[in-house]
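Structural description and commentary
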Amino acid sequence: MLEGRSSVGRLGLFIHVTAGFGDVGFSGYWTLEIFCVQPVRIYAGVEICQIYYHTIDGEYERYQSGKYQLNQGIQPSLLYRDFE
């Protein structure tokens, strides 16, 4: 899970509002979604988010979609592939 820090949110900088869960078996870069509701200055080295790792118990399905698997660099939304 990727979550924004509450101290940063109180400044009006929201981190990963929509999809902060990683999938078991995913390999690639996460998209860091940032939404700013008022002007705020971000300095290099300031931690703005945190990643949580969870233990998976029981049965689960590994990530199967190839849409973002092994992605690199900046990548646009590939939502349109859901309708092909």
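Going by the structure above, here's the rest.
Residues numbered from 1 in each chain as written. Predicted model: local features only at pLDDT ≥ 70, side-chain atom pairs only at ≥ 80, totals over all residues. Heavy atoms only, no water.

**Quick notes on the overall build of the protein**
Worth spelling out the cut-off: Under the DSSP-based scheme used, a helix requires at least four consecutive residues in state H or I and a strand at least two consecutive residues in state E, with every element numbered from the N terminus. Only C-alpha atoms enter the radius of gyration; for comparison, a globular chain is expected to reach 2.2 Å times N to the power 0.38, where N is the number of residues. Contacts are assigned to residue pairs that have any heavy atoms within 4.5 Å of one another.
Of the regular secondary structure elements, the protein holds 1 helix and 4 strands. Counting helices and strands in the order they occur from the N terminus, the protein gives β-α-β-β-β. Relative to its length of 84 residues, the protein is extended, with a C-alpha radius of gyration of 15 Å against a globular reference of 12 Å. Counting only C-alpha atoms and orienting by the principal axes, one finds that the protein spans roughly 40 × 35 × 20 Å. Counting only contacts in the protein whose residues sit at least 6 apart along the sequence, the fraction spanning at least 24 positions is 57%.

**Description of the pattern of salt bridges**
So the rule is basically this: Salt bridges are counted wherever a side-chain nitrogen of Lys or Arg sits within 4 Å of a carboxyl oxygen of Asp or Glu. Whether a residue is buried, partly exposed or exposed follows from its accessible area with a 1.4 Å probe, protein chains only, as a fraction of its type maximum: under 20%, in between, or over 50%, in that order.
Counted under the stated rule, the structure contains 1 salt bridge. One salt bridge in this structure joins Asp82 and Lys67, with 2.7 Å as the shortest N-O distance. With Asp82 in the segment after strand 4 (49–51) and Lys67 in the segment after strand 4, the pair connects residues that are 15 residues apart, well separated along the chain. What makes Asp82 partly exposed here is its relative accessible area of 46%.

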